[in-house]
Each structure stands twice: as structure tokens, then as C-alpha cells.
Amino acid sequence: MSLFSRLFRKAPSLSPVPPSAPQPGPYEKADKAHPKPRAVDRALAALAEEKALQSAIDARDIQAVARLVVAGASTQVRQAAARAIEDPDVLRQLIREVRGGNDKSVYKVLTAKRDVLLEQARKLDQLQAEINAASAALERHSQRPYDALYSARLDQFENRWTAVAAQADPELRGRVQQWIARSQETIAEHLRQAAAQASREQAAANAAAEARRLREQQQQASAAAAAEQARVLEEQKRALAEERQADQQAVREIGELIRKARAALSGGSTSRAAGVRRAIEEKLAGAPPLPANLASQLQQLDQQLDELKDWKSFSVTPKRAELIEKMESLVDATLDPLALAERIKSLQDQWRTLSKGAGENFEADWQRFQQAAKKAYQPCSEYFAAQALVREENLRRRDALIARFSAFEAGHNWEQADWRAVIRALHELKQEWRRCSPVDRGAGKPQQQKFAALTASLQGRLDAEYARNLKQKEALIERAQALLTSDDDHKAIDAIKELQQQWRTVGPVPREVDQDLWGQFRQHSDAVFQKREQDFAAYTAGLENNKAQAIALCEQLEKIAALEGAELLARAAALGDTRSAFEALGEFPRADTRELRNRLDQGLERCGESIARQHARGAERAWDDLFEAADHIRAYRLAVARRLDTTLIDTLKEAAETYIASVQRWPKGGFDALKQALAGERSTDLAANEAAVKMLCIRAEILTDMPTPPEDQALRRDYQLQRLVQGMGQGLKADETQLDTMAIDWVRVGPVEDVAYEPLLRRFRCCRERGKPPVDARL
């Protein structure tokens, strides 16, 4: 049962009828003897509810308005109350309450209000994200060195920031101005350096030229320079005049467009006005800053357009806008061209279906949709055109391949052939032929026939060479086998080396046959080279020794992971040395390398888990020590409140101080809370203190969804009702930090009687155990 349902069923004061009903007037008293019809009674009740609703709205009593949404007698009152709710959390709670009920209209009103508020929140989030992105871009840019695009990017980032600067907080605006100033200083410094460098280069060039000039040419050069300077100045003046004239013309054109747009708005043509506004936007891209009067007129025009556009959110406009957005989202999309073309066709079909019988002129939307479709389909057009070009290009490439390798066969010296070059050529021909796909089947058939003939010719020549080389390698194998019976080991080794050199000079044979022949030749060679086997045995023994040392290191880690307490923390410092020693061993047997490294990683991970678990236990012991110290302080403060014997009070205080001094570690804020409690800064009102710790218990039980004893159920309901009034039942989730804060508050509470304190402490500790995650979950 929800919180609202419990309140409506158990709290008579939450009845839809206000508690303070209006006193009957003189006419009502006179009519008591003559009961009115039931319709009149219902009308009066409805009128009373409407007055109660208006009073609640005027008083901003959200609780009363929410009750009328759920329990109002008439649909009109419930709908009016639903329309008056503005708080998102209240809306969500009420939607859950009325979902599945009979009054669907109230549910629609609530969901519509919720959707509007969510959309507003989403727009605010988007605006904040844009503000953060724009400021971050300027900050990063201010830290970059100057490059060729530095100024252009700064202008782009400044324009982006200017669009959202008005909504940013003043502190961020100040920092952004500092970053912009820093970037401008970077540009200025670059210009100064460039000017200095240009000045130095120009001075050096002038000095070199001056040395080469003849004295009689100085006057002519000076005159020519003066004439050139005059010409340049004249051209600059003319260019500046033309630029000013162009700027003035652009401003006049923008002013004329603004007047046309306003005239269109006056005539009721919103579409035409919007088109003129887009033309103004295009003009603004290359125009100078507008005068203040034109800028003000443009702003007013934008406001009028926005107001008129808001009235056109009916009929099929939202669906068309959705289709336009979907089509525009396909522009520059990373979809496969075939899938992209299918998606564009689907959206166009939907548009045509939507446009049937619309009865309105939406030319601007259609133009925008069509323009987006053309832009989105551009990759498809390019893809299909590119595929046709690829097939044509593959035909040309195949012709070129046939021509190139036919020339290779015709021009090769087959008396002294480079057979490895022939093998590479044949392999390259086949590989490149496969790469030149796809092609048109009809046009590629003659090429395929030429290709088959060419490869057959080259393969025939190669097969003949394979046969000759095969006989040579078989002869070398027979000679190597004969060396096994030699009595002179030294000569046998020299001879086998000579045979190996001859083996390398023999031409190619098919790979499968070559591997078999080489296996036989290698077998006979290995019989001669016994020393190599000995070296290999020594190498293997070294790997096994490394494996044994690695196993010992892994076992050491596993033993450390099984430790606890101070010994575990003391041995943890050597974990880095253990990994270093493992890495220093070098290689291991290949079959065992992965297993050994996995075992090392698992051992280190288990050690880390054990250490984290030990730290978690230490933190929990700190909380146990805190509660124990708080109990010592409570006993001392209770004795003071009861005004017991001074000696006993001093003994209890000394016991509390001694216990506090014996503890090495406290939770955050715990030691300060203990000092404050020991100093007696809190109230000595035992009843008030008991109520305070009892309320902490109830809060912890609500937070951890634990049951409350029957004698405290009324307090729990009162607290929940208070939270409902303040936050309308916002969901609570158990959080370890909230429970820790409550524990610190528990310590700060003044003394409580033993008979009340012990059960309350047990309740509170049970909530802490329920609310905190297991030790393994916190690793």
C-alpha cells in the first residue's frame, strides 16, 4: 500500500472536505426543516470543494491540493487540482496513485504536466551542457600554443560561448573572459614575434640588396619605390572604400529584409516571414555588426516568429517535425549506404502518407524535408556511382594486369630465369586478379579466358623447374645420409655444413614437397650436430628452474593472502618486490607461461582483497569503539544529571577519558563529537534526549526499511507525514554515509536512562548492519 493510500485511509483530517466548513447562513438554518433535493446537496458540496481547492492553491498548500486530486468528489475538481500541481516529485507520486483508476482524465492531466516539466528540465540540462562544453573549449584553447588555425578556432569558440553566456553564472563568465583574454594575448604575442621576425628578415634582405646595388641605381630605385608605394596606398584606399560600400549595402539589404519579414507577419504569412528570416541569417554571415536599431528590430522579429510558431503545434505539425528531424539526423549518418537508402525511402513514404488531405500549405516544411533528404541521400548516390566506377576500373585494371604479366612472360630470360620472381609474379597475378572484383560478368568473360591461359603457361614453366630442383635435393639427402657412417666427426660436420650451403642454392620446389625433403635432410643433419641438442637441454633446464622459482613466489603470495591483522598489513609492503622478482626471472616453459602469470595475478588480487577486507574490518571496529566511548560518556553525563556522588562522577569521567585515549582510530567527525559530548554541551533533559535518540532510530528504520516497534508507530507515522508535507514522499534509499551521519548525531545527544538507551541502541545498530553493504561488496 502506498504512502498516500495509508494517509487517506487512516487520517480523517485528510478528508477532501476542509475541516473548517463554513457556518450555515440564515437561509440554510431556515431550510433545515425542509430538506433540499440531492442535486442541490451535490452542487453545494461541489461548490465547497471548489472553494477549498482555490483556498489551497492561494495558500500554496500542496498537501491539500494533492488530496483533492486523489479524493475530489467531482471530475472537474480533480482535474483542476491536477492542473494546479507543479512539483515534479508530487506529480510522479500522484501518477502512481491514480494509475489504473477509473478517472482517466486526471491521469492524462498529470502525465501531460509531468511530460512538460521533464521537457523543461531536459532543455535546462542541454543548456548547461552547452555552457560547460563552450567554456571548456575556451579553457583548453587558452592553454594551447599558437598554430595556423588558432585565431579561427578562437572566433568559433567565442561565438559558441556568446550564444549561451547570458545563462551562465557570473563566476564562470569571469573565468571565460580571462581565458579569452589569455587566448587573445597568445595571438598578439604571435603577431609581435612574426613582426619582429619579418622585420629582421627584411632588414637582412635590404642590407644584402643595398650592398649589390650600384650607386647610380639608387635614385631610380627610390623613385620606383615611391611610385609603387603610392600605387599600393591608392589600391588600399580603393579597397577600403569598396569594402565600406559593400558593408553599407549589406546593412541596407538586411534592413529591407527585416521590413519584408515584418510585413509578412502583419499579413499572416508566417512561412514567408520565416523564409525571409533565413535569408537574413545568410546575409548576417558576411555582414558587419548591425546598428543598434536594426539589431533591436531583428530581435523583435525573432520574438514574433517564436510566438507565432508556438501556435502551430497542432494537427500533423508534430509528426512532420518528427519526420524532418529523423531525415536531418540521417545527414552525415554513418549507416551503410544500402541501409541509409532504405531508411530515406521509408521516411519519404511516411511523409507522403501524412501529407494526404492535410489541407494546409506547409511548403517550408516540405522544402526542408526535401533538402534534408537530398543531403542524406548524397552518400548513397556517391556509393552507387562509385560502385559502377569501381566495376569499370576493375575491368581496366584486369586488362592492365594481363598486359603487364604477358609482357613479363615475353620479356623474361628463360635460359637464366629468376624463378623466385616467377613465383612472386604468378602469386601476385592471382592475388591482384581477385582484388579486381567485382566486374560486369559479360565484359569480364574474355578477360577470364586470357587470364586462365596466361597462368597455365607460367605454371607449366614453373613445374618443369620444380622437377629439376627436386632431383638435386634428393641427391643432397642421400649424401647427408652417407655422412652418418663417417669415422671423422670433424670432417662430417664440415661436410654437412657444405651440404647445407648447397641446399640453399638449389632452386624452388613445391612447398609441400619441400617441407618433406627438408625434414629428411634436417633429420640427418641433427644426427651430426649433437652439441646443439646439449645446448637445448641446458636451455630447457634453465626454463624449468625459472618455473620452480616462480611457483615459490606464487605460493608466497597465497600465504600472505591467507594472513590477517597486523601481520597481513606488515607483509603487504613486500608485494611490489615479489612482482619485480617474478619479472626478473625472464622466460618460462611456453606451456606454463600463461598459467604462471595468471597464478601471480590471482595471488596479487587475493592479497589486495585481503588487505581491503582488513581495512574494512578496522573501519567497523572504529565505529564499535565510537559507540562504546559514547556509552562511557553517557554514563558519566547521566551521573551528572542525577547529581550523584562526586567521587563516582569523577571515576566515570576518568573511565571515559581513559577509553577514548586508548583508541587509535576514530570515524570521521567522531572524535570531535565525543569531545563535545564529554564537555556536556548538549541538553541534560533526559526525556528530550530519549526522544532525540528514538527519532534517530525511527529515521534509520525508515531509511533501511526496518520495522518499528508498535509503541513507536505513531511517531513514525508523524515523521513520515511531516516528510510528505515537506517533500511529498520523495523516495529514500539506504546510504552508508547517511547512517554514519546519524551515528555522529547519536553521539552528540545528551544522556539517556539505561532502561531506554539499551533497546534503542540495539535498534540503531541493527539498522546500521542492515544499511551497510557486506565487506566483500565494498572491496
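The model shown is predicted, which means the values in this text are computed figures rather than measured ones. Per chain, residue numbering runs from 1 following the sequence as it is written. In view of the model being predicted, local features appear only for residues whose pLDDT reaches at least 70, and side-chain atom pairs are presented and counted only at 80 or more, with totals across whole chains, interfaces and linings using the full set of residues. Side-chain numbers come from the whole structure's heavy atoms, not from hydrogens or water.

Peer 1: Mind laying out the overall build of the protein chain, listing which residues take part and the relevant values?
Peer 2: Secondary structure summary: the protein chain contains 29 helices and zero strands in total. Throughout, a residue-residue contact means that at least one pair of heavy atoms, one from each residue, lies within 4.5 Å. Taking all contacts inside the protein chain whose residues are at least 6 apart in sequence as the whole, residues at least 24 apart take part in 72%. Only the protein chains shown count as cover for residues, and the accessible areas themselves come from Shrake-Rupley with a 1.4 Å probe. Carbon together with sulfur atoms contributes 52% to the accessible area of the protein chain, which is approximately 49,000 Å² in total. Here a strand is any run of E in DSSP of at least two residues, a helix any run of H or I of at least four, and the numbering for each starts at the N terminus.

Peer 1: Give a detailed account of the side chain of Ser183, specifying residues and quantitative values.
Peer 2: Checked against the element boundaries, Ser183 lands in helix 9 (residues 170-212). On the accessibility criterion, Ser183 (0% relative accessible area) is buried. For Ser183, the contacting residues outside a window of four places in its chain are Leu138, His141, Ser142, Tyr150 and Leu154. Burial classification: accessible surface area is computed with a 1.4 Å probe over protein chains only, and a residue below 20% of its type maximum counts as buried, one above 50% as exposed, and the rest as partly exposed.

Peer 1: Can you tell me about the confidence of the model for the protein chain, naming the residues and giving the values?
Peer 2: On a scale of 0 to 100, pLDDT captures the predictor's confidence in every residue. Taken as a whole, the protein chain shows an average pLDDT of 79; of its residues, 87% reach a score of 70 or greater. This model gives residues 775-779 a pLDDT under 50, and the stretch forms nine contacts once residues within four places in sequence are excluded.

Peer 1: Go over the packing of helix 8 (residues 150-164) against helix 9, please, and point to the residues and values.
Peer 2: Viewed as axis vectors pointing N to C, helix 8 and helix 9 meet at an angle of 165°, and their least axial separation amounts to 11 Å. In terms of their interaxial angle, helix 8 and helix 9 are classed as roughly antiparallel. As for how helix 8 packs across helix 9, the hand of that crossing is left-handed. On helix 9, the residues that touch Tyr150, Ser151, Leu154, Glu158 and Trp161 of helix 8 are Leu172, Arg173, Val176, Gln177, Ile180, Ser183, Gln184, Thr186 and Ile187. Split into classes, the residues belonging to the contact of helix 8 with helix 9 amount to seven nonpolar, five polar and two charged. For helices, the fitted line uses only the C-alpha atoms of the stretch in contact; every axis is such a line through C-alpha atoms, and the angle between N-to-C directions lies from 0 to 180 degrees. Note on angle classes: values under 35 degrees are labelled roughly parallel, values over 145 roughly antiparallel, values of 65 to 115 roughly perpendicular, and the remainder oblique. Helix crossings get a hand from a simple test, with the near helix turned counterclockwise from the far one by less than a right angle marking a left-handed crossing and a clockwise turn marking a right-handed one. Each residue gets one label: Ala, Val, Leu, Ile, Met, Phe, Trp, Tyr, Cys and Pro are nonpolar, Asp, Glu, Lys and Arg are charged, and the others, such as Gly, are polar.

Peer 1: Break down the packing of aromatic side chains for me, with residues and values.
Peer 2: Only the six-membered ring of Trp is used, alongside the rings of Phe and Tyr, when aromatic pairs are assigned; centres must lie within 6.5 Å, and planes under 30 degrees apart are stacked while those over 60 apart are edge-to-face, with the rest tilted. The final tally for this structure, using the stated rule, is eleven aromatic pairs. Centre to centre, the rings of Trp503 and Trp518 are 5.8 Å apart; their planes meet at 55°, and the pair counts as tilted. Of this pair, Trp503 sits in helix 18 (residues 489-505) while Trp518 sits in helix 19 (residues 511-528); the two residues are 15 residues apart in sequence, bridging distant segments of the chain. The buried category is assigned to Trp503, whose relative accessible area is 8%. On the accessibility criterion, Trp518 (36% relative accessible area) is partly exposed. Note on Trp746 and Phe764: the rings are 4.8 Å apart at their centroids and 25° apart in plane angle, and the pair reads as stacked. Linking Trp746 in helix 28 (residues 736-748) with Phe764 in helix 29 (residues 754-771), this pair joins segments that are 18 residues apart in sequence.

Peer 1: Describe the pattern of salt bridges, with residues and values.
Peer 2: Here, a salt bridge means any Lys or Arg side-chain nitrogen found within 4 Å of an Asp or Glu carboxyl oxygen. Scanning the model with the defined rule gives 38 salt bridges in all. A salt bridge links Glu119 to Arg122; the nearest nitrogen and oxygen atoms lie 2.2 Å apart. Remark: Arg122 and Glu119 occur in helix 7 (residues 104-142); sequence separation between them is three residues, near one turn of the helix. Within the structure, one salt-bridge network assembled from shared partners comprises Arg579, Glu583, Arg597 and Asp601.

Peer 1: So what about helix 29? Which residues, and what values?
Peer 2: Helix span, as expected, comes to 1.5 Å for every residue beyond the first. Its 18 residues place the ends of helix 29 25 Å apart at the C-alpha level, agreeing with the 26 Å of an ideal helix rising 1.5 Å per residue. Turning to helix 29, its buried residues number three or more, namely Ala756, Tyr757, Leu760, Leu761, Arg763, Phe764, Cys767, Arg768 and Gly771. The buried residues of helix 29 occupy one face: seen down the axis, they fall within an arc of 165°. Of the exposed residues in helix 29, the ones pointing more than 90 degrees away from its buried face are Val755 and Arg762. Directions from the helix axis toward the C-beta atoms define the arc.

Peer 1: So what about helix 13 (residues 317-329)? Which residues, and what values?
Peer 2: Structural remark: α-helix, 3.6 residues per turn; residues separated by three or four positions point the same way. With 13 residues, helix 13 extends 18 Å from end C-alpha to end C-alpha; this agrees with the ideal 18 Å at 1.5 Å per step. Among the residues of helix 13, those classed as buried are Thr317, Arg320, Leu323, Ile324 and Met327. Projected onto a plane normal to the axis of helix 13, the buried residues spread over an arc of 125° and lie on a single side.

Peer 1: Summarise the nonpolar core; cite the residues concerned and give the values.
Peer 2: What we call a nonpolar core is a set of buried Ala, Val, Leu, Ile, Met, Phe, Trp, Tyr and Cys residues that are connected through their side-chain atoms within 4.5 Å. Residues Leu674, Trp746 and Phe764 are the most contacted members of the largest nonpolar core, which totals 37 residues. Taken together, the elements giving at least two residues each to this core come down to helix 23 (590-642), helix 24 (646-662), helix 25 (670-678), helix 26 (686-704), helix 28 and helix 29. At eight residues, helix 23 tops the list of elements feeding residues into this core. Once residues lying within four places of it in the same chain are set aside, the contact partners of Leu674 are Leu626, Ala629, Ala630, Ile633, Ile660, Trp666 and Val747.

Peer 1: Explain unusual backbone geometry residue by residue, including any values.
Peer 2: Here the bond from Ser437 into Pro438 is cis, since omega is 0°, no more than 30 degrees from zero. With a phi angle near 60°, Arg643 is a residue other than glycine that sits in the positive phi range. By the secondary structure assignment, Arg643 is in the loop between helix 23 and helix 24. Accessibility expressed as a relative area gives 74% for Arg643, which makes it exposed. One non-glycine residue, Asp705, lies in the positive phi region at around 60°.

Peer 1: Describe the environment of Met742, naming the residues involved and giving the relevant values.
Peer 2: Summarising the element assignment, Met742 is placed in helix 28. When the C-alpha atoms of Met742 and Phe764 are compared, they prove to be 9.4 Å apart, with 22 residues separating the residues in sequence. Leaving out residues up to four positions away in the same chain, Met742 has contacts with Leu696, Arg699, Ala700, Leu703 and Phe764.

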